[in-house]
Amino acid sequence: MEGSTREKFIHTLMQYKEKFGQEKASAIQEKFWQSREQIVADSASEIDWFPSWKKNQILEDLLAKTYLDLIAEMEREGHS
């Protein structure tokens, strides 16, 4: 699938939700939000001075590994 890592994460999450239900999909979403909060907290001082559009871009770049890790987790569970 082409597109951003974020788009692939959303697509994979929707498929995961269809296969495993809302409860398991919500657990993945919760992991994402916890990781996002940690990344924001850890990088706030470094990116705070950027304009908001650039902060969002930097945050998406920092979240790429989180997206990939959660995609891999959902795919592993889908194959087990």
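The rules behind each value
Residues numbered from 1 in each chain as written. Predicted model: local features only at pLDDT ≥ 70, side-chain atom pairs only at ≥ 80, totals over all residues. Heavy atoms only, no water. Helix = DSSP H or I, 4+ residues; strand = E, 2+ residues; numbered from the N terminus. Buried < 20%, exposed > 50% of the residue type's maximum accessible area, 1.4 Å probe, protein only. Contact = heavy atoms within 4.5 Å. Axes fitted to C-alpha atoms, helices over the stretch in contact; angles between N-to-C directions. Parallel < 35°, antiparallel > 145°, perpendicular 65-115°, else oblique. Left-handed = near helix turned anticlockwise from the far one by under 90°. Nonpolar A, V, L, I, M, F, W, Y, C, P; charged D, E, K, R; others polar. Polar contact = N/O pair within 3.5 Å; in protein donor to acceptor, adjacent residues only side chain to side chain.

Visitor: Now, about the environment of I58: what can you tell me, with residues and values included?
Guide: Here I58 is to be found in helix α3 (residues 52-79). A residue is classified by how much of its surface remains accessible, and I58, at 17% relative accessible area, is buried. Each C-alpha atom, one on I58 and one on R76, is 28 Å from the other, the two residues being 18 residues apart in sequence. Every residue in contact with I58, bar those within four places of it in the chain, is listed here: I47 and F50.

Visitor: Describe the packing of helix α2 (residues 22-47) against α3, and please don't skip the residues or the numbers.
Guide: Running from N to C, α2 and α3 cross one another at 150 degrees; their axes reach a closest spacing of 10 Å. Overall, the two elements α2 and α3 adopt an arrangement that is roughly antiparallel. Seen from above, α2 lies across α3 with right-handed handedness. Contacts between α2 and α3 involve K24, I28, K31, F32, S35, R36, I39, V40, S43 and I47 on the former and, on the latter, K55, I58, L59, L62, L63, T66, Y67, L70, E73, M74 and E77. Residue composition of the contact of α2 with α3, by class: 12 nonpolar, 3 polar and 6 charged.

Visitor: Explain the side chain of T12 to me, and be specific about the residues and the numbers.
Guide: Structurally, T12 is set in helix α1 (residues 5-20). Separated by 2.8 Å, the side chain of T12 and the backbone oxygen of K8 make a polar contact.

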